[in-house]
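# Inside the fold
If you want the building blocks of each chain, they are given just below.
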Amino acid sequence: MKTEKTDVLVIGAGPAGSVAAGLLRKHGREVLMLEKEQFPRFSIGESLLPQSMEYIEAAGMLRDVVEAGFQFKNGAAFARGSTYTQFDFREKFSPGWGTTYQVERATFDHILSKAAERMGATLRFRHEVTAVDLDGDKPRVTVRSPEGETYGVEANFLLDASGFGRVLPRLLSLETPSNFPVRGAIFTHIEDRVAPGVFDRNKILVSVHPEHVDVWYWTIPFANGRTSLGVVARREFLEKYQGTDLERLRAIVNEAPALASVLKDAVWDTPARKLTGYAANVKSLWGRGFALLGNAGEFLDPVFSSGVTIAFKSASLAVAALERSRAGEAVDWERDYAQPLKEGVNTFRSFVESWYTGEFQRILFHPNQSPEVRRMISAILAGYAWDKANPFVAESHRRLKVLGELCAA
Ligand code: FAD
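Report on the accompanying structure. For every chain, the first residue of the written sequence is number 1, and numbering continues from 1 onward in sequence order. Local features in a predicted model are, by the rule used here, given only for residues with pLDDT of at least 70; side-chain atom pairs are given and counted only at 80 or more, and totals for whole chains, interfaces and linings are based on all residues. Side-chain numbers here rest on the full set of heavy atoms in the structure, without hydrogens or water.

## Here's the deal with the packing of aromatic side chains
For the record, the criterion: Classification of ring pairs rests on two measures: the distance between centres of Phe, Tyr or Trp rings, Trp counted by its six-membered ring, which must be within 6.5 Å, and the angle between planes, read as stacked under 30 degrees, edge-to-face over 60 and tilted in between. Secondary structure follows DSSP: runs of H or I at least 4 residues long count as helices, runs of E at least 2 residues long count as strands, and numbering of each begins at the N terminus. Think of it in three bands: residues with accessible area under 20% of the maximum for their type are buried, residues over 50% are exposed, and the middle band is partly exposed, with areas taken using a 1.4 Å probe on protein chains only.
Considering all chains together, one arrives at 18 aromatic pairs under this definition. Centroid distance Tyr-278 to Phe-299: 5.8 Å. Interplanar angle 75°. Geometry classified as edge-to-face. Of this pair, Tyr-278 sits in the loop between β16 (273-276) and β17 (280-282) while Phe-299 sits in the loop between α9 (294-297) and α10 (307-326); the two residues are 21 residues apart in sequence, bridging distant segments of the chain. In this structure, Tyr-278 and Phe-299 share a single accessibility class: buried. Aromatic pair Trp-333 and Tyr-337: ring centres 5.6 Å apart, planes at 65°, arrangement edge-to-face.

## Remarks on the packing of helix α11 (residues 333-357) against helix α15 (residues 396-408)
Which entries qualify depends on this criterion: Note on geometry: axes are lines fitted to C-alpha atoms, helical ones only across the stretch in contact, with angles between N-to-C directions running from 0 to 180 degrees. With respect to orientation, any angle under 35 degrees is reported as roughly parallel, any angle over 145 as roughly antiparallel, any angle of 65 to 115 as roughly perpendicular, and every other angle as oblique. Left-handed describes a crossing whose near helix is turned anticlockwise from the far helix through less than a right angle; right-handed describes the clockwise counterpart. Should any heavy atoms of two residues lie within 4.5 Å, those residues are considered in contact. Residues are grouped as follows: nonpolar covers Ala, Val, Leu, Ile, Met, Phe, Trp, Tyr, Cys and Pro; charged covers Asp, Glu, Lys and Arg; every other residue, Gly included, is treated as polar.
Remark: α11 packs on α15, axes separated minimally by 9 Å, with the N-to-C direction vectors making an angle of 25°. Between α11 and α15, the angle falls in the class roughly parallel. For the pair α11 and α15, the crossing hand works out as right-handed. For the pair α11 and α15, contact is made by Asn-346, Thr-347, Ser-350, Phe-351 and Ser-354 and by Ser-396, His-397 and Leu-400, respectively. Taken together, the residues of the contact of α11 with α15 sort by class into 2 nonpolar, 6 polar and no charged.

## Thoughts on the pairing of strand β14 (residues 216-221)
Rules: A pair of strands is treated as paired once DSSP finds two or more bridges between them.
Counting buried positions along β14 gives 6 out of 6 residues, so the element sits mostly inside the fold. Neither face of β14 is left uncovered, since the one carrying Trp-216, Trp-218 and Ile-220 and the one carrying Tyr-217, Thr-219 and Pro-221 both have all their residues buried. As defined by bridge partners, strand β13 (residues 203-208) adjoins β14 across 4 bridges and the pair is classed as antiparallel. Bridged to Val-208 within β14 is Trp-216. Here β14 runs beside strand β15 (residues 226-234); their pairing, made up of 6 bridges, is antiparallel.

## A few points about the environment of Ser-207
With respect to the helices and strands, the residue Ser-207 is situated in strand β13. Beyond its immediate chain neighbours, meaning those up to four positions away, Ser-207 contacts Ala-79, Val-215, Trp-216, Tyr-217 and Leu-259.

Structural measurements only, silent on function.
Rendered as structure tokens:
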């Protein structure tokens, strides 16, 4: 089998892979990106958080994203029955970007991957990594080309950014179950036909099911009059509904009268998709010669739109560790990569857990809110989950519990 050599091999050209490739190119590293699909291709995860802009900027891709004309986003809104609350991310505790975009991922991912290529990375679509060998001095992978031929690649380092493909976790038996219950999502894109002023297109709207605190809907408007619409619930809940996925989604949306009324004129013109059991974890985020980025490592839950931000953060931390190692510094991947990444992931985890018990919803929808606490929460919702100056990062679990109890009283 023919074997190529490269410096850093990136598996997958989703957000984590492309930003990692861009950052590596800025350091002059040779990068080969292998992507199983032909882009543009559909992907879910369309609402970005402002924190993610910092990494897009650092990777040299800001202009590509800004000029794409995506829907501007400045916050998040939450609705339960007739109660509504919204956060403007520009009013937040942590410094940094306060605005971002709502993106069609087919376009967004294509733009980022092409930006990495423009910066000098070699990008190959329809090249699938099928096997890995870590026994030699350097990691090697086996790749299937679009013509069905196989070839090998030997690299100094592997970054697995294969997302839900979870290439190395599967091949190296690193997968461990998530401790969240199995939830699923049904989603589609609609032509929303929402009259101006009825809902704020600059914000994701998260609506809670009127009877089930752990069932929620997203509406993510795009710049072209279309909206991404989805519902998230436990698998057993979704299985109760009959018909096509689109019919099931419509039936569940009709159970939330406020949301159904906003979407009353919508044209449901696209078949729905379904994803179940997406929460995942691994025994380790790194090993000799490799690191796992983004969803190839851990995926929590979609409720706070944190996935792409975590994917970018992982790319940024991994590239920084690789560069220190190249400069001759001793790198401890657990201390320098896994632990710092997990600090923010664990902040989000506390918020996700608190959301599904209803505790965080009590806080969100409480009529008397301290402006300072709102600014701290706004910072987390904007993705600043690593800013330890924010008490809701430093002690997220305890803060949420105490505040949740106060709001219940
Ligand atoms: P991916 O985006 O999955 O990219 C991985 C790439 O690797 C893919 O292109 C894939 O084709 C490629 N690949 C896979 N296997 C191979 C292989 N063997 N060889 C070569 N290439 C391969 N996040 C947000 O930020 N905002 C949201 O609003 C949001 N909503 C979500 C809603 C739902 C229902 C779900 C399930 C997730 C949501 N997410 C959201 C999370 C988001 O989708 C992911 O966190 C994000 O896409 C992770 O990026 P990534 O680069 O790690 O992986």
